[in-house]
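Reading the structure
Each chain, written out:
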Amino acid sequence: MEKHCTYSQVKGVSTGTTILAATFNGGVVICSDSRASIGGEYVSSKTINKVIQVHDRIFCCMAGSLADAQAVIKAAKYNLSFHSVQMENPPLVIAAASVLKELCYHNKDELQAGFITAGWDKKKGPQVYVVSLGGMLVPQLVTIGGSGSTYIYGYVDAKYKPNMSREECLQFATNALALAMGRDNVSGGVAHLVVVTETGVEHVVVPGNKLPKFHDE
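Because the structure is predicted, anything quoted here is derived from the model rather than measured.

Scoring rules and cut-offs
Residues numbered from 1 in each chain as written. Predicted model: local features only at pLDDT ≥ 70, side-chain atom pairs only at ≥ 80, totals over all residues. Heavy atoms only, no water. Helix = DSSP H or I, 4+ residues; strand = E, 2+ residues; numbered from the N terminus. Buried < 20%, exposed > 50% of the residue type's maximum accessible area, 1.4 Å probe, protein only. Contact = heavy atoms within 4.5 Å. Areas by Shrake-Rupley, 256 points an atom, 1.4 Å probe, with all protein chains shown as cover. Pairing = 2+ DSSP bridges. Axes fitted to C-alpha atoms, helices over the stretch in contact; angles between N-to-C directions. Salt bridge = Lys/Arg side-chain N within 4 Å of Asp/Glu carboxyl O. Polar contact = N/O pair within 3.5 Å; in protein donor to acceptor, adjacent residues only side chain to side chain.

1. As for the overall build of the protein chain
- A count of helical and extended segments in the protein chain gives five helices and 12 strands.
- The burial tally for the protein chain puts 47% of its 217 residues in the buried class.
- Counting contacts in the protein chain only where the partners sit at least 6 residues apart, residues at least 24 apart contribute 63% of the total.
- When the accessible surface of the protein chain is summed, it comes to about 11400 Å², and 52% of that surface belongs to carbon and sulfur atoms.

2. Brief notes about the sheet that holds strand 8 (residues 125–131)
- If you walk across this open sheet you meet the five strands as 5-6-7-8-9, and the pairing is antiparallel. Each end of this open sheet is capped by a strand with a single partner; those strands are strand 5 (51–55) and strand 9 (137–140). The mean inter-strand angle of the sheet, taken between neighbouring strand axes irrespective of direction, is 25°.
- Against the sheet, helix 2 (residues 66–87) engages strand 5, strand 6 (58–64) and strand 7 (113–121), with an angle of about 25° to strand 5.

3. Looking at the pattern of salt bridges
- Across all of its chains, the model carries four salt bridges by this definition.
- The residue K101 makes a salt bridge to E102 at a minimum N-O spacing of 3.3 Å.
- With a relative accessible area of 24%, K101 lands in the partly exposed category.
- For E167, the salt bridge goes to R166, with nearest N and O atoms at 3.6 Å.

4. A look at the side chain of S187
- Relative to the elements of secondary structure, S187 occurs in the loop between helix 5 (166–183) and strand 11 (191–197).
- A polar contact is formed between the side chain of S187 and the side chain of T18, at a distance of 2.8 Å.
- Filtering out sequence-adjacent residues up to four positions away, S187 remains in contact with T17, T18, D33, R35, S147, G148, A180 and M181.

In C-alpha cells form, the structure reads like this:
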C-alpha cells in the first residue's frame, strides 16, 4: 500500500511557543508566552492566552496548530463537564489528561497539537501531565514544551527543585519564560501564569517589559 505523507509530516510541526508547568509544595504553576505565529515565521498575534481552563482546578497549555488545539480543548471541556455530572464530583487531573490523550491518539494522523495538563485534586494533590503530538501520556514534576523550550532545558534541569515554595516556583517559571522569550523569535509578548492549589486558582500576568533580563536584548 502506498503511503502518502502530508507536507507537515515531511517538514515537521512548528510549535512556535513556550509552555511550562511545574509542581511545588501544595500546588502547581502552569504558564506560557502570548505570541502566536504562522508557520513559525510570521507573528500573527501578541496577545494569545495559551493557558486554558478545562475545569475548576485543571488547566492545560497548548503547542502546535492553534486551530487543532482549540478544537481538542473544546471537546475535552465538554467530556469533562459530562464526566463531572455523572460522577457528582470534580474530575481528577489524570482524567482530564486521559481525555486529551484519547482525542490526540485517535486523531493523530490529522492533529498537529500537543498539550501540558496541570492541576490539583483531592486524590493526588498537584499534578502535571504531558500529552504529546501522537497521544502519549507521561506524568512529570516539571515539563516544558514548544519551540522556546529548546533554549531552557539546561536552566530547568539546574534550577528546578521538588517541593519548592509557591514564590520560588513562580520565580522559576517566570525566569524560564523570560529566557526562552529572549532567545526564541516566535515566543514573546507577556507571560501568563496560573497558580493552582487546594484553596483556589490565581492568575498572574507579567508584561514583557517587566520580565527579568539575563542578557542584552
